[in-house]
Amino acid sequence: MIDLLGGEKIHLTADDPEVFAAQLFRWDQDSEWFRLLDSDPPRLFSEKKVKEFLEKDLEKEITHELFFTIRTREDDRLIGFIGLFDLIMHQGDALVAIALGERESWGHGYGTDAMRVMLGYAFSELNLRKVGLIVFEYNPRAIRSYEKAGFVLEGRVRGAILREGRRWDWLYMGILREEWLIKQAAVTVSES
Amino acid sequence: MSIDTQLFEGKLIRLAPINHDRDPEVESRWTHDLTLMRSLSRQPAIPLSIAQMKKKYEATEKEVEESKRLFHFTIRGREDDRLLGFTRIEGIEWTHGTCSLKLAIGDPIERNKGYGSEAMALMLRYAFHELNLYRVSAVVGEDNPAGIRFFLRHGFVEEVRRRKSLLRDGQTYDLLYLGLLRDEWLAGKEKIHHD
């Protein structure tokens with residue numbers, strides 16, 4: 001059996017809306033976390049409402065959007081989520097988004113591992129040619145992490161965010177399948 | 001400019017509401033134009049029947065009413081009220097003052113007559129002076145050089161190249177994101193004033 005969604009430190013899972021909502025509605029109250037992830041103003045929905053949103057998401061066509069929860073291998077703790085959106089299967093293109101809601105889980109390499117697994121899934125199972133992402137200018141930690149993963153800067157949407165009285169850019173980054181394959185080969189060589 | 005400025009009236013064209021009786025037949029024909037469909041969306045080009053087009057118009061007006069993030073207008077000839085195209089401002093993020101703009105002149109015969117440019121000028125004025133937005137974005141495929149030229153002519157700046165995001169006819173193309181800031185638009189108008 002090939003464990004396509006299993007990494008070294010984490011694995012990607014499908015969790016029931018009730019289980020996911022219990023954590024997500026808490027994370028949504030961490031405004032710094034929310035603003036790193038989302039340009040929408042945070043609204044503080046109830047656990048019940050968040051569960052309804054997640055249930056509605058299940059009805060969405062997986063051809064447009066596909067999200068997984070991230071659980072640690074060590075103690076099966078639900079620490080965040082990762083997924084593809086703006087997924088255009090016939091074009092082989094999508095955007096990826098990752099968010100670790102549990103702050104204690106930051107800095108342990110969980111995000112890096114989850115991204116590696118997600119890209120593997122995107123390129124090997126969904127046969128995508130290209131994966132992109134949007135990251136905000138005020139999130140340098142994420143930008144560094146994406147650069148390490150092999151994403152290349154593709155441009156900046158100028159002043160797209162107005163927060164705390166000043167304007168910030170959206171950065172678009174992207175990785176092509178051929179670039180990811182080279183990166184995989186390089187990792188294999190360095191491990192042998 | 002004052003409150004009695006007509007936001008929707010140009011010299012050749014006007015921005016107008018959807019006409020549910022006359023428009024579905026015209027736009028249904030446009031959906032059979034692969035090149036046009038590709039210039040407007042990355043979803044697979046699928047032609048729509050008149051009935052499907054009617055439903056789409058109803059869904060559009062519902063979305064305009066409920067989402068508060070979309071403004072959709074038809075482009076019509078001043079003389080005969082003929083449907084020439086459509087234009088919309090969508091994906092508005094009000095707290096940031098941003099949006100995305102789309103514009104199409106449906107029949108190739110009606111292009112290069114100045115209709116698109118007039119509609120664009122009206123839309124930008126609407127975006128910056130009525131919706132009070134900070135920036136307008138446009139998404140254009142590298143396989144649509146006429147579209148890219150059109151936006152550049154109106155002051156848009158290339159900001160992002162999503163490399164090889166498009167695959168069409170067996171070839172990959174970049175997806176370009178262009179942007180126009182309010183200050184740039186104002187400076188552009190100043191220049192026109194002085195010329």
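A few points about the overall build of chain B
- Per the secondary structure count, chain B includes 6 helices and 7 strands.
- Listing every helix and strand of chain B by position from the N terminus yields β-α-α-α-β-β-β-α-β-α-β-β-α.
- Expected size for 195 residues packed as a compact globule is a radius of gyration near 16 Å; at 17 Å, chain B falls within 12% of this value.
- Across its three principal axes, chain B shows a C-alpha extent of roughly 45 × 40 × 35 Å.
- Buried positions account for 47% of the 195 residues belonging to chain B.
- Of all intrachain contacts in chain B linking residues separated by at least 6 positions in sequence, the fraction that spans at least 24 positions is 60%.
- Within the structure as shown, chain B displays about 10500 Å² of accessible surface, and the carbon and sulfur contribution to it stands at 52%.
- If you average the places of the 31 positive and of the 31 negative side-chain charges in chain B, the two averages end up 3 Å apart.

Some thoughts on the pairing of strand β7 (residues 166–176) of chain A
Residues and elements named next belong to chain A.
- Burial runs high along β7: 9 of the 11 residues are buried.
- Relative to β7, strand β5 (residues 130–136) is paired through 7 bridges, and the arrangement is antiparallel. If you follow K130 over to β7, its bridge partner there is L176.
- Summarising the sheet, strand β6 (residues 152–163) and β7 pair through 8 bridges and their orientation is antiparallel. Bridged to R163 within β7 is R166.

Some words on the interface of chain B and chain A
- Each partner contributes to the interface: chain B provides 27 residues, whereas chain A provides 31 residues.
- Carbon and sulfur atoms make up 43% of the area that chain B and chain A hide from each other, which totals about 2400 Å².
- Between chain B and chain A we count 7 salt bridges in total.
- Connecting chain B to chain A are 21 residue pairs in polar contact (both at pLDDT 80 or more).
- By residue number, the principal contributor to the side of chain B that touches chain A is strand β6 (residues 157–168) of chain B, which donates 11 residues.

Some remarks on the side chain of A:D93
- By secondary structure assignment, the location of A:D93 is in strand β4 (residues 93–100).
- At a separation of 3.2 Å, a polar atom in the side chain of A:D93 contacts the side chain of B:R162.
- In contact with A:D93, not counting residues within four places along its chain, are A:D86, A:L87, A:I88, A:L128, A:K130, B:R42, B:R162 and B:S165.

Some words on the packing of aromatic side chains
- Inspection of every chain in the model, using the stated rule, returns 21 aromatic pairs over all chains.
- A centroid spacing of 6.0 Å and a plane angle of 70° characterise the contact between A:Y146 and A:F151, whose relative ring orientation is edge-to-face.
- The ring centre of A:W168 lies 3.6 Å from the NZ or CZ of A:R166, which sits over that ring.
- Sitting over the face of the ring of B:Y134, A:R167 holds its NZ or CZ atom 3.4 Å from the ring centroid.

Focus on the side chain of B:E118
Residues and elements named next belong to chain B.
- Structurally, E118 can be placed in helix α4 (residues 115–130).
- For the buried E118, which has no salt bridge, the nearest side chain bearing the opposite charge is K11, at an N-O separation of 5.7 Å.
- Side-chain polar atoms of E118 contact the backbone nitrogen of I13, separated by 3.1 Å.

Let's talk about helix α4 (residues 110–124) of chain A
- Compared with an ideal rise of 1.5 Å per residue, which puts 15 residues at 21 Å, α4(A) spans 21 Å between its outermost C-alpha atoms and is within 8% of the ideal.
- If you check which residues of α4(A) are buried, you get A:Y110, A:G111, A:D113, A:A114, A:M115, A:V117, A:M118, A:L119, A:G120, A:Y121, A:A122 and A:F123.

Looking at the packing of α4(B) against helix α5 (residues 145–153) of chain B
Residues and elements named next belong to chain B.
- Contact pair α4 / α5: the axes reach a minimum separation of 11 Å and the direction vectors enclose 45°. Put simply, α4 runs oblique to α5. In this structure, α4 meets α5 at a crossing whose hand is right-handed. Taking contact as the criterion, the partners of G116, S117 and M120 in α4 are, on α5, F150, F151 and R153.
- Looking at side-chain class alone, the contact of α4 with α5 contains 3 nonpolar, 2 polar and 1 charged residues.

Cut-off values and rules
Residues numbered from 1 in each chain as written. Chains lettered and ligands numbered in written order. Predicted model: local features only at pLDDT ≥ 70, side-chain atom pairs only at ≥ 80, totals over all residues. Heavy atoms only, no water. Helix = DSSP H or I, 4+ residues; strand = E, 2+ residues; numbered from the N terminus. Rg over C-alpha atoms; globule rule 2.2 N^0.38 Å. Buried < 20%, exposed > 50% of the residue type's maximum accessible area, 1.4 Å probe, protein only. Contact = heavy atoms within 4.5 Å. Areas by Shrake-Rupley, 256 points an atom, 1.4 Å probe, with all protein chains shown as cover. Lys, Arg positive; Asp, Glu negative; His and termini not counted. Charge placed at Lys NZ, Arg CZ, Asp CG, Glu CD. Pairing = 2+ DSSP bridges. Buried area = accessible area lost by both parts, 1.4 Å probe. Salt bridge = Lys/Arg side-chain N within 4 Å of Asp/Glu carboxyl O. Polar contact = N/O pair within 3.5 Å; in protein donor to acceptor, adjacent residues only side chain to side chain. Phe/Tyr/Trp six-rings, centres within 6.5 Å; stacked < 30°, edge-to-face > 60°. Lys NZ or Arg CZ within 6 Å of the ring centre and 35° of its normal. Expected span 1.5 Å × (residues − 1). Axes fitted to C-alpha atoms, helices over the stretch in contact; angles between N-to-C directions. Parallel < 35°, antiparallel > 145°, perpendicular 65-115°, else oblique. Left-handed = near helix turned anticlockwise from the far one by under 90°. Nonpolar A, V, L, I, M, F, W, Y, C, P; charged D, E, K, R; others polar.

Such coordinate-based values are descriptive only and should not be taken to indicate function.
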